[in-house]
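# A structural walkthrough
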Amino acid sequence: MTTPGVDDAVREKPEREPVTERRLHPITPLRRAWAPVAVVIGWAVHDPDQTQRQLTRLTTTTLLIALAVIVPAAALYGFLTWWFTHFAVTDTELRIRTGLLFRRTAHIRLERIQAIDVTQPLLARVAGVAKLRLDVVGTEKKDELAFLGEREARALRAELLARAAGFAPETAHEVGEAPARELLHTPPRDLALSLVLTGATWGSLVAALVVPPLLWMATHSAWTVLATALPLLGAAGASSVGRFVTEYDWTVGESPDGLRIDHGLLDRSHETVPPGRVQTVRIVEPLLWRRRGWVRVELDVAGSSNSVLVPVAPREVAEAVVARVLPGVTVPPLSAPARPPRRAGRCVPVWWRGYGLAVTDSVFAARQGLLRRSLALVPHAKVQSVRLTQGPRERLWRVADVHVDTGANKTVTARLRDAQEAAELLKAQAERSRTGRKGARPDRWMV
């Protein structure tokens, strides 16, 4: 027996369209094919003496046979891993299915996506492909789709953001990439000069030039010198040339889906600062930058690894960008943060003068550092908890530290405040956090 009302409802219910699975770009097998070769190289590096002995025993014929086996095996591995990798976009999630022997399916819910970055390593730029990297709430490692065609990667990114914002699936692919308005562009000359004027660059370079000769005079061991010199030279290069290559052509633009950051000389990155997810903004001012009025802006973003907003810019320009990241927030002037009481110098001699605190209607601002000043801004709505700590030395001189914890698992501390002031600040900040969360904007895309 059938029920007419139920049958009519079933017939009127629209059928779901089948989910279409897609593959990555055909060039992807070349990337995957390196895995077997990397195993051989890793074995050779692990035991170089044994490798050298084995190579001397091999004849030309044996080497050709080995290459004839390894190269096709690597090619087959790359092809199979590409063939068994699929992805699909449904109404509620992005599915990524991988695995040749052991199958793995990642279900990434669209509403939990915090950022989608498009990156292009140098060889990928030559080939016209790109990598799509996704920051998802609750995961430390980014899921990625590598590689897609450059246009396909940007189109897929726009579709995922549109669906995460609440657009209907049938219209999300028509939304396209939201237009962006440029807010800031860092000239290469300013970036290079800022690295020259950074103490870390000179410190790592001096260490790389001074420590190896001293070790040679003390040990006369070439291996000890090389084991020490190579990491030091690597650190010196990373703090100077590496940063220049990474932060070259740094551009910040504003769009409905957040602030967009494009940068890179060899490897290009197209990153997004998610709206409403910035927990802390730090305005950093190295000593040698002050004469030029330059600052660096760093971020703590919940669910994202983006950590730099502005590599170097005049303070007024940087503050204007911060105002776009934290709507309604005004950066306190340089003279606003109040120093701790003078008796705090008994706990931390000299450096106590670098600490300061300013609390406005919108942010908790803590300053630290004498040579490298840093002002951390935490919107009241982003404060998760407030703590007061006081060690034996602090109790003796009636001072205390107030810690503000944010959603990015980071802490901003107001050091060495007067004990009574710290107790009052603890209560007041808890209340400001409660009221701030009530009036906070929703953490949604394109709102």
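Residues numbered from 1 in each chain as written. Predicted model: local features only at pLDDT ≥ 70, side-chain atom pairs only at ≥ 80, totals over all residues. Heavy atoms only, no water.

## Some words on a nonpolar patch on the surface
There is a patch of nonpolar side chains on the surface, built from Val196, Trp202, Leu205, Val206, Leu209, Val210, Leu214, Trp216 and Met217 and spanning about 880 Å² of accessible area. Among the elements that take part in the nonpolar patch, helix α10 (residues 199-219) stands out by supplying eight residues, more than any other. Within the fold, Val210 resides in helix α10. Residue Val210 is classed as partly exposed on the basis of its relative accessible area, which comes to 41%. (Patch = residues over 30% accessible without salt bridge, like charges linked within 9 Å, V, L, I, M, F, W, Y side chains within 5 Å. Areas by Shrake-Rupley, 256 points an atom, 1.4 Å probe, with all protein chains shown as cover. Salt bridge = Lys/Arg side-chain N within 4 Å of Asp/Glu carboxyl O. Helix = DSSP H or I, 4+ residues; strand = E, 2+ residues; numbered from the N terminus. Buried < 20%, exposed > 50% of the residue type's maximum accessible area, 1.4 Å probe, protein only.)

## A few points about the packing of α10 against helix α11 (residues 222-247)
The angle between the axes and the distance between the axes are what describe a pair of packed helices. Running from N to C, α10 and α11 cross one another at 175°; their axes reach a closest spacing of 8 Å. Classified by the angle their axes make, α10 and α11 are roughly antiparallel. Contacts between α10 and α11 involve Ala200, Thr201, Ser204, Leu205, Ala207, Ala208, Val211, Pro212, Leu215, Trp216 and Thr219 from the first element and Ala222, Thr224, Val225, Thr228, Ala229, Leu232, Leu233, Ala235, Ala236, Ser239 and Ser240 from the second. Here the contact of α10 with α11 is built from residues that sort into 15 nonpolar, seven polar and no charged. (Axes fitted to C-alpha atoms, helices over the stretch in contact; angles between N-to-C directions. Parallel < 35°, antiparallel > 145°, perpendicular 65-115°, else oblique. Contact = heavy atoms within 4.5 Å. Nonpolar A, V, L, I, M, F, W, Y, C, P; charged D, E, K, R; others polar.)

## Quick look at the packing of aromatic side chains
Enumeration according to the criterion identifies five aromatic pairs in this entry. Counting every residue linked through ring pairs, the aromatic cluster contains Phe79, Trp82 and Trp83. A cation over a ring is seen here: Arg23 above Trp83, with NZ or CZ 3.7 Å from the ring centre. (Phe/Tyr/Trp six-rings, centres within 6.5 Å; stacked < 30°, edge-to-face > 60°. Lys NZ or Arg CZ within 6 Å of the ring centre and 35° of its normal.)

## Focus: the sheet that holds strand β3 (residues 104-109)
Strands sit in the order β1-β2-β3 across an open sheet of three strands; the sheet is antiparallel. If you trace the sheet from one side to the other, it starts and ends with β1 (86-89) and β3, each paired once. Strand after strand, the sheet turns through a mean of 10° between neighbouring axes, direction not considered. Two elements, strand β2 (residues 93-98) and β3, share six bridges in a ladder whose sense is antiparallel. Looking at the pairing, Ile96 lines up with Ala106 of β3. Of the strands in this sheet, β1 and β2 touch helix α7 (residues 150-164), which is tilted by about 40° from β1. (Pairing = 2+ DSSP bridges.)

## Here's the deal with α11
The terminal C-alpha atoms of α11, which comprises 26 residues, lie 35 Å apart, in line with the 38 Å expected from a rise of 1.5 Å per residue. Considering bend angle alone, the principal kink of α11 is centred on Ala238 and spans about 45°. Buried within α11 we find Val225, Ala229, Ala236, Ser239, Ser240 and Glu247. Asp249 lies just past α11 and shows a positive phi near 55°. (Expected span 1.5 Å × (residues − 1). Bend = angle between axes of the 7 residues up to and from the residue.)

## Considering the sheet that holds strand β10 (residues 268-273)
The antiparallel open sheet is built from seven strands, whose spatial order is β6-β5-β4-β10-β9-β8-β7. Taken across any chain shown, the strands that pair with only one partner, and hence form the sheet edges, are β6 (143-149) and β7 (181-185). When strand polarity is set aside, the average angle formed by the axes of neighbouring strands in this sheet is 20°. Of the pairings in the sheet, the one linking strand β8 (residues 251-255) to strand β9 (residues 258-263) comprises five bridges and is antiparallel in character.

## Some words on the nonpolar core
Val252, Val278 and Leu309 are the most contacted members of the largest nonpolar core, which has 29 residues in total. Those elements that provide at least two residues to this core are β9, β11 (278-285), β12 (294-301), β13 (308-314), α12 (315-325), β15 (363-368) and β16 (373-379). When neighbours within four sequence positions are excluded, Val252 is seen to be in contact with Arg181, Glu182, Leu183, Leu184, Leu259, Arg260, Ile261, Leu309 and Val321. (Core = buried A, V, L, I, M, F, W, Y, C linked by side-chain atoms within 4.5 Å.)

## Comments concerning the environment of Val89
Tracing the backbone shows Val89 in strand β1. Along the primary structure Val89 and Arg22 are separated by 67 residues, whereas in three dimensions their C-alpha atoms are 9.2 Å apart. Once residues within four sequence positions are removed from consideration, Val89 is found in contact with Arg22, Leu94, Leu156, Glu159, Leu160 and Arg163.

## A closer look at the confidence of the model for the chain
In this model, the chain carries a mean pLDDT of 84, and residues with pLDDT of at least 70 account for 85%. Scored below 50 in pLDDT, residues 5-14 makes one contact in the model with residues more than four places away or belonging to other chains. (pLDDT = per-residue confidence, 0-100.)

## A few points about helix α14 (residues 419-438)
With 20 residues, α14 ought to run about 28 Å at 1.5 Å a step, and its terminal C-alpha atoms sit 30 Å apart, in line with that. Elements that come into contact with the buried residues of α14 comprise β14 (356-359), β15, β17 (383-389), β18 (399-406) and β19 (411-418). Between the side-chain oxygen at the start of α14 and the backbone nitrogen of Gln420 there is a gap of 3.1 Å, and the oxygen is on Asp418. (Polar contact = N/O pair within 3.5 Å; in protein donor to acceptor, adjacent residues only side chain to side chain.)

## Some words on the pairing of β1
Burial along β1 is two-sided: His86 and Ala88 and Phe87 and Val89, pointing in opposite directions, are all buried. Pairing of β1 with β2, which is carried by four bridges, proceeds in the antiparallel orientation. The residue bridging Ala88 from the neighbouring strand is Arg95, located in β2. Counting the residues between successive antiparallel strands, the hairpin from β1 to β2 contains three residues.

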